[in-house]
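Geometric and topological summary
The residues making up each chain are set out below.
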Amino acid sequence: MFRSLLTCALLASGTVYAAEPATVVASDGWVRVLPGNLPAGGYVTLRNETDRAVSIVSASSPDYADAMIHRSSTEGGMGRMEMVDSVPLPPSGKVTFAPGGYHVMLMQAKHPVKPGDAVSVTFALSDGSKVPVTLTARPANATGP
């Protein structure tokens, strides 16, 4: 009863409680650059420093026309890749985008990207916050940052 009265009083006063956006920290960001206009794969570790779960729901990059979140997997000896709507990021947990798993697929570079270049990617979270990340371009044969 008290909680209901308090909620009504806050709403009547125009005071609305809004949760703080999640604090997500990125590390070890890199992108595998392929020859020509082939798509590039972006990889990074994202760590949730809060006590509540969020999801990564999209990605964008000013350096590429399109950025999509994908997951690679192997079933019955066959490799496959699928686009995913979201990637869960548990409270005080982390998710690693790495070859053979989650990655951001970067399509149609807006300018030539070569090893050593910085690529900007912004991840959108389910709570409305954004996580800007800088990925270092690596050659096609790279396996890590």
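Source: prediction; values computed, not measured.

1. Notes on the pairing of strand 1 (residues 24-32)
- The pairing of strand 1 with strand 2 (residues 40-48) spans seven bridges and is antiparallel. Note that in strand 2 the partner of Val31 across the bridge is Gly42.
- Bridge count for strand 1 against strand 10 (residues 130-138) is three bridges, and the pairing is parallel. The residue bridging Trp30 from the neighbouring strand is Thr136, located in strand 10.

2. Notes on the nonpolar core
- In this structure, Leu46, Ile56, Phe97, Leu106 and Phe123 are the most contacted members of the largest nonpolar core, which totals 29 residues.
- When neighbours within four sequence positions are excluded, Phe97 is seen to be in contact with Gly42, Tyr43, Val44, Leu46, Ile56, Ile69, Val87, Tyr102, His103, Val104 and Phe123.

3. Focus: the pairing of strand 7 (residues 94-97)
- Every second residue of strand 7 is oriented toward a common face, the buried set being Val95 and Phe97 and the non-buried set Lys94 and Thr96.
- Of the strand pairs in this sheet, strand 2 and strand 7 are connected by four bridges, and their pairing is antiparallel. Looking across to strand 7, one finds that Leu46 is bridged to Val95.

Parameters at a glance
- Residues numbered from 1 in each chain as written.
- Predicted model: local features only at pLDDT ≥ 70, side-chain atom pairs only at ≥ 80, totals over all residues.
- Heavy atoms only, no water.
- Pairing = 2+ DSSP bridges.
- Helix = DSSP H or I, 4+ residues; strand = E, 2+ residues; numbered from the N terminus.
- Core = buried A, V, L, I, M, F, W, Y, C linked by side-chain atoms within 4.5 Å.
- Buried < 20%, exposed > 50% of the residue type's maximum accessible area, 1.4 Å probe, protein only.
- Contact = heavy atoms within 4.5 Å.

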